[in-house]
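# Secondary and tertiary structure notes
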Amino acid sequence: MDLNVTILNNERDLVENFETRTTCDAILSRGAMAMQFNKFTGTIEAVGALPERKHLQLLMQVFTSAKMSRFMSDGQYTMMGVATVGGNYAFMEYFSFLIKKRSVY
């Protein structure tokens, strides 16, 4: 396998490159961005859905079950894995905005 890794700082650029297929064949992105490719797997980022690490471990066991394979692909795109990277940036950015907004008043 010949693999070239490119790191992009903007997730929208990443998705655009993936959609055009001119520069990449696979992506690692937040579920919120990947939902356009696989709605089922994007739901794991629901707020409060995984309050503790043990819940994430259970979810990974469920995801790797053969019974779940039909949900991992929509025919065109297939989810190949899950990477934990902490809280969803979108929620943190919104929360940060609210704090800044409150401090102005």
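Each chain carries its own residue numbering, running from 1 in the direction its sequence is written. Reporting of local features is limited, given that this is a predicted model, to residues whose pLDDT is at least 70; pairs of side-chain atoms are given and counted only at 80 or more, and all residues count toward the totals for whole chains, interfaces and linings. Note that water and hydrogens are dropped before the side-chain values are worked out from all heavy atoms of the structure.

## Examining the environment of Ile 44
- The residue Ile 44 is located in the loop between α3 (39-42) and α4 (53-63) in this model.
- In this structure, the C-alpha to C-alpha distance between Ile 44 and Val 82, residues 38 residues apart in sequence, is 9.8 Å.
- Contacts between residues were defined by any pair of non-hydrogen atoms, one from each residue, lying within 4.5 Å. With sequence-adjacent residues up to four places away left out, Ile 44 is seen in contact with Ala 49, Leu 50, Leu 59, Phe 63 and Val 82. Secondary structure elements follow DSSP: runs of H or I no shorter than four residues count as helices, runs of E no shorter than two count as strands, and numbering proceeds from the N terminus.

## Describing the environment of Val 5
- Along the chain, Val 5 turns up in the segment before α1 (11-20).
- Residues Val 5 and Ala 26 lie 21 residues apart in sequence; the distance between their C-alpha atoms is 9.9 Å.

## Some points on a nonpolar patch on the surface
- On the surface, Met 1, Leu 3, Val 5 and Ile 7 cluster together to form a nonpolar patch covering roughly 600 Å² of accessible area.
- We classify Ile 7 as exposed; its relative accessible area is 73%. Like-charged residues are merged into a patch within 9 Å and nonpolar side chains (Val, Leu, Ile, Met, Phe, Trp, Tyr) within 5 Å, provided each residue has over 30% relative accessible area and no salt bridge. Residue burial considers only the protein chains on display, and all accessible areas are found by Shrake-Rupley using a 1.4 Å probe. We define a salt bridge as a contact between a side-chain nitrogen of Lys or Arg and a carboxyl oxygen of Asp or Glu at a distance within 4 Å. Each residue is assigned to one of three classes by its accessible area relative to the maximum for its type, calculated with a 1.4 Å probe on protein chains only: buried under 20%, partly exposed between the two thresholds, exposed over 50%.

## A look at α4
- Among the residues of α4, those classed as buried are Leu 56, Leu 59 and Phe 63. Seen end-on, α4 carries its buried residues on one side only, within an arc spanning 60°. Set apart from the buried face of α4 by more than 90 degrees, the exposed residues are Lys 54 and Gln 61. Our arc is simply the arc of the directions from the helix axis toward the C-beta atoms.

## Here's the deal with the packing of aromatic side chains
- In this analysis, rings of Phe, Tyr and Trp, with Trp reduced to its six-membered ring, are considered paired at centre separations within 6.5 Å, and the interplanar angle assigns stacked below 30 degrees, edge-to-face beyond 60, and tilted for intermediate values. Under the defined criterion, the tally for this structure stands at 3 aromatic pairs.
- Relative to Phe 37, the ring of Phe 18 lies with its centre 5.1 Å away and its plane at 90°, an arrangement referred to as edge-to-face. Here Phe 37 lies in the loop between α2 (31-34) and α3 and Phe 18 lies in helix α1, a separation of 19 residues in the sequence.
- Judged by relative accessible area, Phe 37 falls into the buried class, the value being 7%.
- Every member of this aromatic cluster is reached through a ring pair, and the members are Phe 18, Phe 37 and Tyr 77.

## Concerning the nonpolar core
- One finds Val 15, Phe 18, Cys 24, Met 33, Phe 37 and Tyr 77 forming the largest nonpolar core, which totals 6 residues.
- Each residue touching Phe 18, except ones within four places of it in the same chain, is listed here: Cys 24, Asp 25, Ala 26, Ile 27, Phe 37 and Tyr 77.
- To qualify as a nonpolar core, a set must consist of buried Ala, Val, Leu, Ile, Met, Phe, Trp, Tyr and Cys residues joined through side-chain atoms within 4.5 Å. Leu 59, Phe 63, Met 68 and Met 72 belong to the second largest nonpolar core, which has 5 residues in total.

## Description of the confidence of the model for the protein chain
- Across the protein chain, the average pLDDT comes to 75, with 76% of residues at or above 70.
- Least confident of the elements in the protein chain is helix α5 (residues 89-104), whose mean pLDDT is 50; most confident is α1, at 86. Residue-level confidence of the predictor is summarised by pLDDT, bounded by 0 at the bottom and 100 at the top.

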